[in-house]
Structures are given as structure tokens and as C-alpha cells.
Amino acid sequence: MRLSVRRGRSPLYAMTVAFAVGSAALLAGCGGDDDGDGDGGTPASKYSAEIRRTAMGVPHIKAADWGGAGYGYGYAQAQDDLCTIANSMLTFRGERARFFGADAVVPFQGTIGQPKNIDSDFYHRHVLNDEVMQRFVAAQPDKLKQMVAGFAAGYNRYVRDIKAGADSTAHAACRNEAWVVPVTDTDIYRRMYAAHFAAGYSNFVAQIANATAPAAASPTMASAAKVKAAAATAAAAGKSRAASRSRDGAPHPLTIATAHLPDFQVGGNDGVGSNMIGFGTAATGDASPLLFGNPHWYWRGPDRFYQAHLTVPGELNVAGASFLAQPIVLIGYNDNLAWSHTVSAARRYGLFQLTLSPGDPTSYQRDGAAVKMTARAITVQVKQGDGSVAPVSRTLYESQYGPVVNLGALNPALGWNTSTAFAIRDINGENFRVFRVWMRWSQAKTLEEFQTIQREESAIPWVNTVAVARGANQAWYADIGAMPNVSAAQLSSCATPLTTALSAALPRTPVLDGSKSSCDWQSDPDSKQPGALGPARMPSLLRDDYVLNSNDSYWLANTAAPLTGFPDILGPAGTSSISFRTRLAHLLAQGRLAGTDGYAGNKATSETVRAMVLNSRTLTSELFRDQAVAMFCAPPASITVNSDPATGETFSPARNVDPTEACAVLQAWDGKALLASRGAHLWDEFWTRAARIPEATLYAVPFSSADPLHTPRDLNPAVKTTLQQAFGAAIVRVQASGFAMNATRGETLFATRGSEKIPLFGGCGQPQGYYTVACALSRLDQGGYDLNTATSANSYLQVVRFPAGDVEAYTFLTFSQSDDAASAHYSDYTRAYSAGQWLKVPFSEADIAKDTAFSTNTISE
């Protein structure tokens, strides 16, 4: 087999190719060569696929086999999103610093955040190491291997074509860059495996990448006493979980530096979210249940969704969305089933305190015996200021639990010293079943089969699931997947002063003594991997009215049937309030079935559901707007603003604010964030600041598990002065922005496409409680809320039902299919979303062929 490193490939790329050769035996029978470009000495694999495009550029890929389906899918994704995929492959290969330097950050928001390139490279080379990738590949079903090999070949076909001059106006931003190169099958597997860790390792990128060993030294009584004293200080400061990280994010008394706490939720401190509702036939009023799915997800980068339809006649017929550079539909529907996901509240990782062996900081004690860590010497090529490239090396370490992690930024006692270190274990590190679940679901025929697959695999990595099926009266909810199995007794018996302090700062994260085997994660009789909960101890619910989730725990999939009695690691069950967005989700579903929501009838029809999920209601305005107006505006009086609670900025001299205009705007506001709604930005700025007041102080009526949809409620008159300050600071922010106090939502919230600003609707799910989510990172006074910076916004939406002999699916891909400004599909879907024009996606062969935007292209090699 001939190997060549093409111009522009780095030495690390040559190493990746070499690994692919070494793993070729694992891919026997999968129909793909090592680099997917057919230049080996063995007969080249043959692939063929027909790519039919319909409205909005949705590709319907048809092939005679799984390899061909992957081939068409890889080619189609490259056609639309070459620059994003090629750039992201540098991330997964650990090559970012080679091309962009050490200190620049990853350019896309994603599940790893935006770490420095150097840290991203070391993290990915360490966690996605050759040994674990060989095991991951070997565990995959043959048909999935075929699809991966085909996907790599299809992507590479497009790279070859464009490098040879095809599509001359396409992908101008990257087509001539040295880092746009063919991929290996292993590159695709690395990208797939990296997605496992969104709720675990991915939140500790810098801490893992910088966990280098201290110099070996014989422990002294002084150093031991220093560590002991620091531990005692941290433990004393962490007396309660509630004090450790207050609901509003305000500073707490722990000596742990909370500014350096990892964002242990998927997507950051507030987390990215999603909505999904499954309506049974008692709610739809006909023979078909209905699914609404709506992940609030990234608009840019490799974790953004891509919409497609994959068909292998007689074996596969599935449509929906997947992440870029992944060949499997993750959220979608087939001839008989539809499913969606939301990020789960369950913890998927834990930390272990390692007691190090005297004189050897890379060995730790376990049941009285020394265990040597696994050392991994890694060299990363780094671009210098003069354009040259130089190697940078680190040796990173792994314990039997997982990678060593340096938490010294939180407190010196939590760093890696000569006596103590910490290791992180992610349950999904050993979960090689993830993509097998989605592959099996894509072929399932009944709801019962769907449930059986979910329980048999117990592999869903960090999300809840809702599903409906043809012929089934009920809708299914489950949080059944890979989760650590830690008993309450272990949390007590395996605690140390350091683990107690760290546990307080990371609620519901098991932090255990790693020196005792009795502190290992446990296994149930039905566990699918060591240390995992069995499916019998994970929550699920079937209902013929509705089930839903909007990122709170499993507790209230339906308020008429609370789920309780499950391990604490899955999330709270009635011990704390649910989010305003979850409350509104239930109120929407219940209002629909009661016929009190203003729409016709009382059934969950596709038309009505499509309308109600885009109506941009916000529960905080419905509950508190009138109360706030009464506090500040009856009559309006000048407000002296000393500081901005959202930024900490102090005003000197203080700002005197006349609230008269703002009061009039709030009084006239329709309480929603539709395109034409005037004043939503004013409310959002106010509530962002008001929500910083602790829940126990802000509300007059506290949370009650007996009335979770209506508590907490009522603004507390005792905090009127603080709320006035928040209102005044909000007015200052709006005035500084240049937007009118009564500007429309479409003026202040938008998606930028070139010089165009496409007006949009909705708002942040947290803290404002919008159900229609569009949450930008950009500030109002920095040009407006631009969803190009979104980490949590409506992304792929689907409303699916199964009338007799048909599949009826309406969808949006809110940010459009392509990242290429020259593409016809760079902004068309976004404009349709702005106008509320759902796309009815053709599914049958006849409907695909008669689509008004139909085009076809057959590719083969």
C-alpha cells in the first residue's frame, strides 16, 4: 500500500495516516481503504450514490449499500460545509496550533468551548489516542464501518474535485488553504468519539491538557502539613452544596476559585437546551401520534446540525439531522418512527482523588499497593510568529480511572503536587455502543422495538429521548443511557476533606477517594459496561396524552405522573424549582389539550403545534410584567443607578434615569418576542439583572413540589429597591445600544448573512423563560443580538406524524445548510424561518421526484 503525505499536510497528518494503516485490519470487510482516496496497492473500493436535492438544499441520498450511502453523505456535507469540516478536522487530529498558532482559540462555539489551540491539540491527542481509537473502531458494526469508510471517500472525492478546479466560486474562504486535505476513516471515527464527551471530558479541556507531573521529591512533613491545611480550609468553606454555587451565579464563600470552575453543563454554565414533546393519540385525536423536536444548539462549527435523508433500499430509509462529519442521523424519523433529544440533567462523569506514592508523583496508592500511571508523550507542531513551525512536547498521564486533571486553578490543594492528584472518569470513555443505538433506531419499525434497543444498549451519551411511532397510541420518554453508578453509601464512605470541598462546588458530581477499590463505580446486574447504572434503575414513561422535556430532570415528563425514586446522579426530583421554560412547556401542552390557548379546537394537530412552538411566549413576562410595572411605574419616578448588576460596572457619578418612556413601552408590549413585538429587549435586559437576585429572596411565594408549574411566583415587595436598580440599569443598556426603547424584536435580534441582517424572533430560555429559543452571546449595546454568536438557539426543528401510508414531516434548519457565502443554501432556510414558513420535506420516492426544486447528481468511484 502506497502512502504519501501531500503538500500542505503536517508531520502529524502523516502519523494519522500511519495509524490508519495500522488499524486497517480492524476494518476488514468494511469496504474502505485507509485514507479513502483509493491510492493503495489493493483494489480500490467502489462507491456509488445518487444525491437528489430538494427545497432548501436538503440532500436525499440513495445508494445500493451502506458504503455508498456514506459516500453520498460525505460528498454532500463537503459540498455545503467544506470549510467548517476541514477546519474542525484539525481540532480532532490535534493540529490546530500547527496552522493557527498556540494561543489563538478554536473559532467555533462547541461542546469543548473555545480553548486555546495548544490546549485543544494536547487534549485531543491525549483523549483520542491511538489505543482507544483502535478499541472504538473494533467495536463498531460492519455496516457502520462501511458507512464511515464511504463517508471519508465521499468527502475526499469533493476535496479532490475542488482542488482540481471544480465549483470555481465555492468555498473561497478555504479551498486553497494547506489544511484542506483528504481525511482518513480514523479522522471520522475520532470526530464521532469526541462527541461522546460533551457532558464530561469536554468541560475539562485545559485542565486535562495541562496536567503535567510535578518534579519528584520526597514528601516532607512541612509539605504534607501545607496540603492538609489547604484541604481543611477548602472543606470548612464548603459546608453546603447550596452555598457552593448559588442559583444566580453570585460569589459564594468557598475558597475554591469559582471563576475557574469548568462549565460542567453541555454548552457552558447555563447549558445549551432543547424542547421536545411527544403527543399520544388521545391528544392528536386521530390514529397517529405526533412528535415535536427542537434542539437549541450551535449555529456554527462542527457541532451544528446538517439535514439529510439516507436510503439503502430494503435496509435503511431515515431522515433528520446529524452533526457535521458524522454519517449517522442523530435526531430524525424513518417510515415508522420519529425521535428527538434534549440535554439530560444527569451527570456523566466523576472525579477521583489519587493518593500518590512517596517519591513518585506518577504512581498512586490503591488498597495499599502502588499503581503506575500510563504516560503518554505527545508532541504538537506549533506555528511561530515568523511562520516557521516548531515542536512542543508534553507528557500527559492517565490513571485506571481516566486522565489526570489539574484542578490547581480552583485551589492549590486541588492541583497535582507530590502527594495528591485528581483523575477524571467519563462514563462515555468506555461506551463504544453510542452510534450503534442510532443505527439500530434508524431501522426500527415499532415503538416497542425502539424501547428495547434503548434498554439493550443503554448507550445514549448525555441526552433524554422522546419518541412516537406509527400504530402506537402512546408517546415514550426516557433518560436511559450511560450513567455512573455511585451509591449513597460510597458518597459518604469515600469522602475526604478535598473531595467534600470539590463536591460542594460541583453539585451531584461524584468525587471519591481513589485509593480504595471499594470506591470504584459499581455495576448492576443489567449494566452494559463496568461502573454503569443498569436500565432498570433509569426513568421512562409512556403516555397517551403527552410527554416532554425541556432540560430539567426526568421528574416531570408529565405533571400527572411524576417520576421519583431514581439515583441522585440523574438529577433532582421535586427538591428544587424547574425552569421557566419547562413550566411554559407544560402549560403549552396542557393549554392545547384544554383548548384554552387561543387556537382552534383542543387537539395537537401538526398545524397547531407548528404555530404554538413559534409563538415566542415568555413566562417571566406573563407572571411578572404587570407586577414590575406596578412597582416602578405607578407613577414612574426617577431611578438613581449606581451600578449594573449584569456586568459589575460601577457608574461614577451615578446615573439618574427617567423610566417614563420605558414604563410606557412595557405597558404596551404584547409580552412576546415576535418579529413585530415592541419592547421585548427592554424586558430581557431587565430580567437578566433581576434574575441575579437569589430565588429565595426574589419571590414572595417559594417553590412547592406540590405546585411546580406555578411556583415560585410573585415578586417580593421587599426587593423593590434592588429591582428598581435592575430596571434602571436595563434602561441604561438600551439607551447605550442605539436601539429605540420600543424597537421591534426583529430589529434587535437577527442573523447576519454578509451585509444582510435577517430579522428573527424568540429569546433566551434562561433566565427569561422563552419557549421559542434564540439566545445570542452578543450584547445589545454591541450591535444587537446576533445569532451568529448563538450557543443556544432553535436549530433543527421537526414536527412529524404518520398518517396512513405516508410520513408527514415539517422541518426547519434555522441557520441554513451551507457555511459558504456563495451557496444558494447559505441563507434560504434562515429567511424561511424568519417568515415562519415550515418546509414540508418529501419522504417517498414519488414526492422527492416531484419537488419543485428537485435536482439529481450521481457520483461514483
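The rules we used
- Residues numbered from 1 in each chain as written.
- Predicted model: local features only at pLDDT ≥ 70, side-chain atom pairs only at ≥ 80, totals over all residues.
- Heavy atoms only, no water.
- Helix = DSSP H or I, 4+ residues; strand = E, 2+ residues; numbered from the N terminus.
- Buried < 20%, exposed > 50% of the residue type's maximum accessible area, 1.4 Å probe, protein only.
- Contact = heavy atoms within 4.5 Å.
- Areas by Shrake-Rupley, 256 points an atom, 1.4 Å probe, with all protein chains shown as cover.
- Axes fitted to C-alpha atoms, helices over the stretch in contact; angles between N-to-C directions.
- Parallel < 35°, antiparallel > 145°, perpendicular 65-115°, else oblique.
- Left-handed = near helix turned anticlockwise from the far one by under 90°.
- Nonpolar A, V, L, I, M, F, W, Y, C, P; charged D, E, K, R; others polar.
- pLDDT = per-residue confidence, 0-100.
- Pairing = 2+ DSSP bridges.
- Salt bridge = Lys/Arg side-chain N within 4 Å of Asp/Glu carboxyl O.
- Disulfide = S-S within 2.5 Å.
- Phe/Tyr/Trp six-rings, centres within 6.5 Å; stacked < 30°, edge-to-face > 60°.
- Lys NZ or Arg CZ within 6 Å of the ring centre and 35° of its normal.
- Core = buried A, V, L, I, M, F, W, Y, C linked by side-chain atoms within 4.5 Å.
- Arc of directions from axis to C-beta.
- Expected span 1.5 Å × (residues − 1).

Colleague: So what's going on with the overall build of the chain? Residues and values would help.
Modeller: When helices and strands are tallied, the chain shows 25 helices and 33 strands. By the burial criterion, 61% of the 861 residues in the chain qualify as buried. When contacts within the chain are restricted to residue pairs at least 6 apart in sequence, long-range pairs at least 24 apart make up 70% of them. Carbon and sulfur atoms provide 52% of the accessible area of the chain, an area that totals close to 29,100 Å².

Colleague: Can you explain the packing of helix α2 (residues 66-93) against helix α6 (residues 142-163)? Please cite residues and give values.
Modeller: Packing of α2 against α6 brings their axes to within 6 Å, and their N-to-C directions diverge by 45°. When the interaxial angle is binned, α2 and α6 end up oblique. α2 and α6 meet at a crossing whose hand is right-handed. Class assignment for the residues of the contact of α2 with α6 results in 16 nonpolar, eight polar and three charged.

Colleague: Go over the environment of Tyr771 with me, naming the residues and quoting the values.
Modeller: Relative to the helices and strands, Tyr771 resides in the loop between β26 (756-759) and β27 (774-775). For the pair Tyr771 and Leu614, spaced 157 residues apart in the sequence, the C-alpha separation amounts to 8.1 Å. The residues touching Tyr771, leaving out its near neighbours within four places in the chain, are Asn275, Ile277, Phe292, His296, Ser550, Arg581, Leu584, Ala585, Leu588, Val613 and Arg617.

Colleague: Requested: an account of the packing of helix α5 (residues 130-138) against helix α7 (residues 185-194), with residues and values cited.
Modeller: Remark: α5 packs on α7, axes separated minimally by 10 Å, with the N-to-C direction vectors making an angle of 90°. By the angle class used here, α5 and α7 are roughly perpendicular. Contacts between α5 and α7 involve Asp130, Val132, Met133, Phe136 and Val137 from the first element and Tyr189, Arg190, Met192 and Tyr193 from the second. The residue makeup of the contact of α5 with α7, split by class, is seven nonpolar, no polar and two charged.

Colleague: Please give an account of the confidence of the model for the chain that cites residues and values.
Modeller: In this model, the chain carries a mean pLDDT of 90, and residues with pLDDT of at least 70 account for 88%. Residue range residues 219-254 is modelled with pLDDT below 50. Its contacts to residues more than four positions away, or to other chains, number 51 contacts.

Colleague: Account for the environment of Pro803, naming residues and giving values.
Modeller: Within the secondary structure layout, Pro803 lies in the loop between β30 (796-801) and β31 (808-813). In this structure the C-alpha to C-alpha distance between Pro803 and Ala287, which are 516 residues apart in sequence, comes to 7.5 Å.

Colleague: Provide a residue-level description of the pairing of β26, including the pertinent values.
Modeller: Pairing of strand β25 (residues 749-753) with β26, which is carried by four bridges, proceeds in the antiparallel orientation. Bridge assignment links Ala751 to a residue of β26, and that residue is Ile758. Linkage of β25 to β26, two consecutive antiparallel strands, is achieved through a turn of two residues, within which Gly754 is found at a positive phi near 65°.

Colleague: Describe the pattern of salt bridges, with residues and values.
Modeller: Under the definition given, this model contains 39 salt bridges. Here Arg157 makes a salt bridge to Asp161, at a shortest N to O gap of 3.1 Å. With Arg157 and Asp161 both in helix α6, this residue pair falls four residues apart, about one helical turn. In terms of burial, Arg157 and Asp161 fall into one category: buried. The partner of Glu457 in a salt bridge is Arg440, with the nearest N and O atoms 2.9 Å apart. Taken together, the residues span a long stretch of sequence, with Glu457 in helix α13 (residues 447-457) and Arg440 in helix α12 (residues 434-441) at a distance of 17 residues. A relative accessible area of 29% means that Arg440 is categorised as partly exposed. Linked through salt bridges whose partners overlap, the residues forming this network are Asp644, Glu685, Arg689, Arg733, Arg779 and Asp781.

Colleague: Give me the lowdown on the state of the cysteines, citing residues and values where you can.
Modeller: Under the counting rule described, the total for this entry stands at four disulfides. Put simply, Cys494 and Cys519 are joined by a disulfide, and their sulfur atoms are 2.1 Å apart. As the torsion about the S-S bond is roughly -100°, the Cys494-Cys519 disulfide counts as left-handed. Taken together, the residues span a long stretch of sequence, with Cys494 in the loop between α14 (488-493) and α15 (497-505) and Cys519 in the loop between β18 (511-513) and β19 (540-543) at a distance of 25 residues. The pair Cys494 / Cys519 is uniform in exposure class, with both members buried.

Colleague: Please set out the packing of aromatic side chains residue by residue, giving values where relevant.
Modeller: Evaluated as defined, the whole model comprises 45 aromatic pairs. Look at Trp339 and Trp441: their rings are 6.0 Å apart centre to centre, the planes differ by 55°, and that puts the pair in the tilted class. In this pair, Trp339 is assigned in strand β8 (residues 337-343) and Trp441 in helix α12, connecting sequence segments 102 residues apart. Its relative accessible area of 0% is what places Trp339 among the buried residues. Given the relative accessible area of 0%, Trp441 is considered buried. Both rings, one in Phe632 and one in Phe727, keep their centres 5.0 Å apart while their planes meet at 20°; by these two values the pair is stacked. Residue Phe632 is located in helix α18 (residues 619-632), and its partner Phe727 is located in helix α22 (residues 720-737); the two are separated by 95 residues in the primary sequence. Considered together, Phe632 and Phe727 belong to a single accessibility category, that of buried residues. One Lys or Arg, Arg610, reaches over the ring of Tyr810 and ends 3.6 Å from the middle of that ring. Above the plane of the ring of Phe750 lies Lys757, whose end atom (NZ or CZ) is 4.6 Å from the centre.

Colleague: How would you sum up the sheet that holds β25? Please name residues and give values.
Modeller: On the basis of which strands lie adjacent, the open sheet formed by three strands has the order β26-β25-β28 and mixed pairing. Because the sheet does not close on itself, it has two edges, and the strands there are β26 and β28 (785-786).

Colleague: Provide a residue-level description of the nonpolar core, including the pertinent values.
Modeller: Side chains that are nonpolar tend, in soluble globular proteins, to be buried together. Ranked by internal contacts, the top residues of the largest apolar core, which has 233 residues, are Phe279, Tyr333, Phe686, Trp687, Leu723 and Phe727. Listed in part, the 20 residues of the second largest apolar core include Leu354, Tyr364, Met373 and Cys519.

Colleague: Any details on the sheet that holds strand β5 (residues 305-312)? Residues and values, ideally.
Modeller: On the basis of which strands lie adjacent, the open sheet formed by 10 strands has the order β19-β17-β16-β8-β7-β6-β5-β2-β1-β33 and mixed pairing. In this open sheet, the two strands that pair with only one neighbour each are β19 and β33 (855-860). Looking at each pair of strands side by side, their axes are set apart by 15° on average, direction ignored. Strand direction decides the pairing type here: strand β17 (residues 475-478) and β19, joined by four bridges, are antiparallel. Paired with Ala478 across the bridge in β19 is Ser540. Strands in contact with α2 are β1 (48-53), β2 (59-62), β5, β6 (316-323) and β33; relative to β1, the strand with the most contacts, it is inclined by about 45°.

Colleague: I'd like a description of the pairing of strand β22 (residues 650-657), backed by residues and values.
Modeller: Two elements, strand β21 (residues 639-643) and β22, share four bridges in a ladder whose sense is antiparallel. Paired with Thr640 across the two strands is Asn656, which belongs to β22. The antiparallel pairing of β21 with β22 creates a hairpin that spans six residues between the two strands, and Gly648 there sits at a positive phi of about 80°.

Colleague: Run through the environment of Tyr826, naming residues and quoting values.
Modeller: Its location among the elements puts Tyr826 in the loop between β31 and α24 (828-834). Placed 10 residues apart in sequence, Tyr826 and Ser816 show a C-alpha to C-alpha distance of 5.7 Å.

Colleague: Tell me about α13, and name the residues and values.
Modeller: Along α13, the residues classified as buried are Leu447, Phe450, Gln451, Ile453, Gln454 and Glu457. Taken down its axis, α13 places every buried residue within 160° of arc, on the same side. For α13, the secondary structure elements touched by its buried residues are β8, α12, β16 (463-469), β17 and β19. Just downstream of α13, Ser458 is the residue with a positive phi angle, here 40°.

Colleague: If you had to explain α6 to someone new, which residues and values would you point to?
Modeller: An ideal rise of 1.5 Å per residue puts 32 Å on 22 residues; α6 measures up with 31 Å between its terminal C-alpha atoms. Counting buried positions over the 22 residues of α6 gives 18, a clear majority of the element. Positive backbone phi, at 110°, marks Gly165, one or two positions downstream of α6.

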